[in-house]
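# A structural walkthrough
These are the residues of each chain, in order.
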Amino acid sequence: MSAVWETRPKGVQDDEAVNGVQPGEATSGIRRSETTNVAPNNEAIPVVRIWDGATRVVHWSLVVLIGLSWWTERHHRMDLHQYSGYALLGVLVFRLYWGFFGSTTARFAHFVKGPRAIGRYLRSRAGPVSPGHNPLGALSVLALLGLLLAQVVLGLFSVDVDGLESGPLSHWVSFEAGRACARLHRTGFDVLQVLVVCHVVAIVFYWVFKRDNLVRPMITGSKGWNHSPPPQVQFASRWHALLGIALAALLVWSIT
Amino acid sequence: MTRSLITASRYLRALLAAALTVAAVTCAGVTLAKTQPPAEIVKERQQELKKLGAALKLIRDELRGGAPEPTKIRAAASDITRAASAIDSWFPTGTGPDAGVKTDAKAEIWTDAAGFAAARETFVREANRWAQLGSNGDVTSWSEAATSLGQSCKGCHDKFRVKRE
């Protein structure tokens, strides 16, 4: 892997070239993102597309919205906190949908593996055999998505002690149940911080010790790939994405 | 002369000691008679505050739909005014964080007694408005009064209650 990353500066153009070569996300179908990089020194570095646009937008939206939710709570801007929660809910609903109907690397069936596969992955020193989340990272994805979803739902039912800024569904529950939701919402955020730290530490670990930059592909969508069978990633169409967005929007709208 | 003075002073001292003892015992007796265990006071206080929170929530939930039921508002209003008349007795000395009981009441309630009294009086004033509002009010006046009541809760909680959520 390291050989690939030592030539990174050239990779910048290469990724753009790859994206240029593959114009339509609109057509679904197996696209073997196998493009040979023609570097000036003639070193062939296959660069493949791993993450689709939707997955990347989801990822960075979560980063921004988690930050916004934290900031708005700290500064007592509960009106904005509520909107941030709605946005998070929409993004999460879309991500769940995308986990079943999205591109290969976004699908839960593709990356969620059993304990045996995780053990195998941990023992092997080679790079990833399949594109996208590795079997261990899959647990982190599930934990983060699950916890964020729990946080949003708890927030919806949370009751504020002064009856000024309760969640939009708090009228469904009693005062004490709503207070319990608020306390769990608080505890959930503590757990979330731990998970986020684990997530970032793992990324730094891959960067420093495995010479594998995970951040870049999450921005550009593409990644150097020098394993012999090039990964087969099927990218879902734009219409699939639009349907998911409509679904998420409908759900959020029905709550507000 | 000197001797009689000494005797007199002895008598006086004995008398004073006796008086002090009686006073101390009486005070202790009175205090003991009045004081429930802190745990019980804290528990009761928490139950009353939860009832108050539930009453305000009920009003807010009723108002949310835009068509509140006056009977429900009235019941909640009477809970609120009852709390206003009793809250004075909910925070006796010795029921704070040092009492060895789990409580979110901050020590400032007693160290800043004047500040606490002011915050409490604001609440009592807001709560007492519900005596009339319960029977004759409309959505607008209820909404307005619910918000200012909530703010009076917050005014006290921000300073005198440990935030756990």
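Read on for an overview of the structure. Since we're looking at a predicted model, the values are computed, not measured. (Residues numbered from 1 in each chain as written. Chains lettered and ligands numbered in written order. Predicted model: local features only at pLDDT ≥ 70, side-chain atom pairs only at ≥ 80, totals over all residues.)

### Some remarks on the overall build of chain B
- Along the backbone of chain B there are seven helices and zero strands.
- The N-to-C order of helical and strand elements in chain B reads α-α-α-α-α-α-α.
- Residues classed as buried in chain B amount to 25% of the 165 residues present.
- A sequence separation of at least 24 residues applies to 71% of the contacts in chain B between residues at least 6 apart. (Helix = DSSP H or I, 4+ residues; strand = E, 2+ residues; numbered from the N terminus. Buried ≥ 20, exposed ≤ 12 C-beta atoms within 10 Å, placed from the backbone. Contact = placed C-beta atoms within 7 Å.)

### Quick word on helix H7 (residues 139–160) of chain B
Residue and element names in this part refer to chain B.
- Helix length check: H7 (22 residues) gives 31 Å between terminal C-alpha atoms against 32 Å at 1.5 Å per residue, within 8%.
- Of the positions making up H7, those classed as buried are Trp142, Ala145, Ala146, Leu149, Gly150, Ser152, Cys153 and Phe160. Looking straight down H7, one finds that the buried residues subtend no more than 155° of arc, so they occupy a single side. In H7, the exposed positions angled more than 90 degrees off the buried face are occupied by Thr140 and Asp158.
- Residues of H7 that are buried sit in contact with helix H2 (38–64), helix H3 (70–86), helix H4 (108–111), helix H5 (113–128) and helix H6 (130–133). (Expected span 1.5 Å × (residues − 1). Arc of directions from axis to C-beta.)

### Focus: the interface of chain B and chain A
- Residue-level contacts link 17 residues of chain B with 12 residues of chain A.
- Those elements that place two or more of their residues in the side of chain B that touches chain A are H2 and H7 of chain B.
- For the side of chain B that touches chain A, the element with the highest residue contribution is H2(B), accounting for eight residues.
- Of the residues in the side of chain B that touches chain A, the class split is four nonpolar, five polar and eight charged. (Nonpolar A, V, L, I, M, F, W, Y, C, P; charged D, E, K, R; others polar.)

### So, the packing of helix H4 (residues 78–101) of chain A against helix H7 (residues 135–157) of chain A
Residues and elements named next belong to chain A.
- Taken N-terminus to C-terminus, the directions of H4 and H7 make an angle of 140°; their axes are 10 Å apart at the nearest point. By the angle class used here, H4 and H7 are oblique. In this structure, H4 crosses over H7, and the sense of that crossing is left-handed. Across from Gly85, Leu88, Leu89, Leu92 and Arg95 in H4, the residues of H7 making contact are Leu145, Leu148, Leu149, Val152 and Gly155.
- Its residues placed into classes, the contact of H4 with H7 shows seven nonpolar, two polar and one charged. (Axes fitted to C-alpha atoms, helices over the stretch in contact; angles between N-to-C directions. Parallel < 35°, antiparallel > 145°, perpendicular 65-115°, else oblique. Left-handed = near helix turned anticlockwise from the far one by under 90°.)

### Side note on the nonpolar core
- Of all hydrophobic cores here, the largest spans 33 residues; its most connected members are A:Leu88, A:Val91, A:Leu92, A:Val93, A:Phe94 and A:Val152.
- For this core, the elements supplying multiple residues, two or more each, are strand E3 (44–49), helix H3 (53–74), H4, H7, helix H8 (175–208), strand E5 (233–235) and helix H10 (238–255) of chain A.
- When residues in this core are grouped by element, the largest group, eight residues, is from H4(A).
- With near-sequence residues (within four places) excluded, A:Leu88 lies in contact with A:Leu65, A:Ser69, A:Leu148 and A:Val152.
- Ranked by size, the runner-up nonpolar core spans 24 residues in total, among them B:Ile59, B:Ile73, B:Ala83 and B:Ala105. (Core = buried A, V, L, I, M, F, W, Y, C linked by C-beta atoms within 7 Å.)

### Examining the environment of A:Thr220
- Along the polypeptide, A:Thr220 turns up in helix H9 (residues 215–220).
- Spatially, the C-alpha atom of A:Thr220 lies 9.2 Å from that of A:Asp52, the residues being 168 residues apart in sequence.

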